[in-house]
Amino acid sequence: MAAAAASAAPRVLSAEPRRRDPVAVGVPPWRLSPGSRVRAASRARQENVRRGQLISTNIKSRPLLCPPCRCAQMALANTRIAYQPDVQKHSGVLAYELVQGSLVQWNSFMDKSVPDPPTAVLLHGILGSRKNWGSFAKRLAQEFPMWQFLLVDLRCHGDSASIKKRGPHTVASTALDVLKLIVQLRLTPRVLVGHSFGGKVALSMVEQAAKPLARPVRVWVLDATPGKVRAGGDGEDHPAELIESLRRMPMQVSSKQEVVDALVKEQFSVDVARWVATNLRRSSPLGSLSSSSFSWIFDLNGISDMYKSYEETNLWGIVENVPRGVHINFLKAERSLHRWALDDLQRIHTAEELAADEGGGVEMHVLEDAGHWVHADNPDGLFRILSSTFRIEATIRGMQN
């Protein structure tokens, strides 16, 4: 998806965002059930974020050299930060944004003796981008102003597609990318939230590394099981088939409508086709004498490998042998029936009992009135469920202090 950079805005926005058209914000319609981020203050400000600058409304901010790339940055305090690395100069690093609550006065360029604030990492699914979490992260930051939220474009997706990664493109390698990023940013996340493919990535992060993750750490796996992936029945979503159809298309097309027409011809719905077309970026400048063309902003070959890995990766081991200090929460969407077998639910309930005995935790939740795309179908319900985690963490930190 095209990544939308976010910046601090001089006006106060409501903590209750309006419900938006899911397709317009990058939600795949084939996953939708029947039935804001803060925008940059100007186009110039958006362009600055794309070039890897920190954006501030604080006119007393002073320039600073970024250690990894020596590009001009802005040091600021008492203001939210939205940062995206210059993908040209941050080879091997994922594109990301950091959404901070109003009480956070920290950035990764500060002296290392300054502890990082409580941090949550939000991970998108296949064919998604960090933009999918944008407005939800802003709402969390407004409700929990001492927290910051790291939104990541996973490998082969969004702006991270420009950062060439070695294979294999798997759940495990994707998790390792995120672990490397949080080490570079000097973060110790206390909460990991992953939707679908991103949920397995979060579990793999816990399985692979202990040091970059806090203890306790709370993991949320949104509408994904640790094992076999069930893509749906007739008339439901088939991401693998969509990916293969996209791979057969040319890298450049003359218009978005060309893609829509081609996908509809292959029996995908018009809504699916239009959503996919949002992943096209104009490759010839507006107003140029040459004919316009569009190209994909993601790496479909890599994404195809990632989806296959998602189907095959089995992470029941980490769930049934939860490390001490780790609490894993599974959230099942009420209308996402095909993704959950009775055996999955029984194994999770058994793991709940085992984890309690070993000093860890496993818990099952159900989000009512939601299909697979939980943060679009029922954002208010998801917000209420996830909010408990941040309140618990705030209580724990208060007791420790």
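Located above this text is the structure these notes cover.
Residues numbered from 1 in each chain as written. Predicted model: local features only at pLDDT ≥ 70, side-chain atom pairs only at ≥ 80, totals over all residues. Heavy atoms only, no water.

A. Summary view of the overall build of the chain. The helix and strand inventory of the chain stands at 12 helices and 12 strands. The 401 residues of the chain split such that 55% are buried. (Helix = DSSP H or I, 4+ residues; strand = E, 2+ residues; numbered from the N terminus. Buried < 20%, exposed > 50% of the residue type's maximum accessible area, 1.4 Å probe, protein only.)

B. Expanded view of the packing of helix H3 (residues 171-184) against helix H4 (residues 197-208). Where H3 contacts H4, the two axes come as close as 8 Å, and the packing angle between them is 70°. Between H3 and H4, the interaxial angle falls into the category roughly perpendicular. Taken as a pair, H3 and H4 cross one another with a handedness that is right-handed. Here H3 contributes Val-171, Ala-172, Thr-174, Ala-175, Leu-176, Val-178, Leu-179 and Ile-182 to the contact with H4, which in turn contributes Phe-197, Lys-200, Val-201, Ser-204, Met-205 and Gln-208. (Axes fitted to C-alpha atoms, helices over the stretch in contact; angles between N-to-C directions. Parallel < 35°, antiparallel > 145°, perpendicular 65-115°, else oblique. Left-handed = near helix turned anticlockwise from the far one by under 90°. Contact = heavy atoms within 4.5 Å.)

C. Representation of the side chain of Ser-304 in the model. Along the polypeptide, Ser-304 turns up in helix H8 (residues 300-312). The class of Ser-304 is buried, set by a relative accessible area of 3%.

D. Region of interest: the nonpolar core. If you look at the biggest cluster of nonpolar residues, it comprises 73 residues, and the most contacted ones within it are Leu-150, Met-205 and Phe-330. Other than its neighbours up to four places away in sequence, Leu-150 contacts Tyr-96, Glu-97, Leu-98, Ala-120, Val-121, Leu-122, Leu-181, Ile-182, Leu-185 and Leu-187. Counting residues in each nonpolar core, the second largest holds 26 residues, with Trp-133, Phe-149, Trp-220 and Phe-383 among its members. (Core = buried A, V, L, I, M, F, W, Y, C linked by side-chain atoms within 4.5 Å.)

E. Quick peek at the sheet that holds strand S10 (residues 294-296). With antiparallel pairing, 3 strands are arranged side by side in an open sheet as S8-S10-S9. The two strands at the open ends of the sheet, each matched to only one other strand, are strand S8 (252-253) and strand S9 (280-282). Across 3 bridges, S9 lies against S10 in antiparallel orientation. Along S10, the bridge assignment pairs Leu-280 with Trp-296. (Pairing = 2+ DSSP bridges.)

F. View of the sheet that holds strand S4 (residues 119-123). In space, the 7 strands of this open sheet follow the order S3-S5-S4-S6-S7-S11-S12, with mixed pairing throughout. Looking at strand neighbours, the two that pair on one side only are strand S3 (96-100) and strand S12 (361-367), the edges of this open sheet. Recorded for the sheet is a direction-independent mean angle of 15° between the axes of neighbouring strands. As defined by bridge partners, strand S7 (residues 217-222) adjoins strand S11 (residues 326-333) across 6 bridges and the pair is classed as parallel. The residue of S11 that forms the bridge with Val-221 is Phe-330.

G. Quick peek at unusual backbone geometry. The amide bond that connects Gly-167 to the next residue, Pro-168, takes the cis arrangement and shows omega of 0°. Relative to the assigned elements, Pro-168 resides in the loop between strand S5 (148-152) and H3. Of note, Leu-127 is a non-glycine position whose phi angle comes to about 65°, a positive value. Tracing the chain through its elements places Leu-127 in the loop between S4 and helix H2 (134-143).

H. Structural detail: the packing of aromatic side chains. In this structure the tally under the stated criterion is 9 aromatic pairs. On the numbers, 6.1 Å between centres and 70° between planes, the contact of Phe-136 with Phe-383 is edge-to-face. In this pair, Phe-136 sits in helix H2 while Phe-383 sits in helix H12 (residues 379-400), placing the two residues 247 residues apart along the sequence. Neither Phe-136 nor Phe-383 differs from the other in exposure class; each is buried. On the basis of an interplanar angle of 25° and a centroid distance of 6.4 Å, the ring pair of Trp-147 and Phe-149 is categorised as stacked. Here the two residues Trp-147 and Phe-149 agree in accessibility, since each one is buried. (Phe/Tyr/Trp six-rings, centres within 6.5 Å; stacked < 30°, edge-to-face > 60°.)

I. Spatial organisation of helix H7 (residues 270-277). Here H7 has its buried residues at Val-272, Ala-273, Trp-275, Val-276 and Ala-277. Elements in contact with the buried residues of H7: helix H5 (239-247), helix H6 (256-265), S9 and S10.

J. Spatial organisation of the pairing of S5. The buried fraction of S5 is high, at 5 of 5 residues. Residues Gln-148, Leu-150 and Val-152 of S5 are buried on one face, and the alternating residues Phe-149 and Leu-151, pointing to the opposite face, are buried as well. In this sheet, S5 lies alongside S3 in antiparallel orientation, the contact comprising 5 bridges. Paired with Gln-100 across the two strands is Gln-148, which belongs to S5. As paired elements, S4 and S5 share 5 bridges and run parallel to each other. Pairing of Thr-119 across the sheet is with Gln-148, part of S5. Crossover handedness for the path S4 to H2 to S5: right-handed. (Right-handed = clockwise from strand over helix to strand, strands pointing away.)

Note that every value here comes from positions in space, so none of it alone points to a role or purpose.
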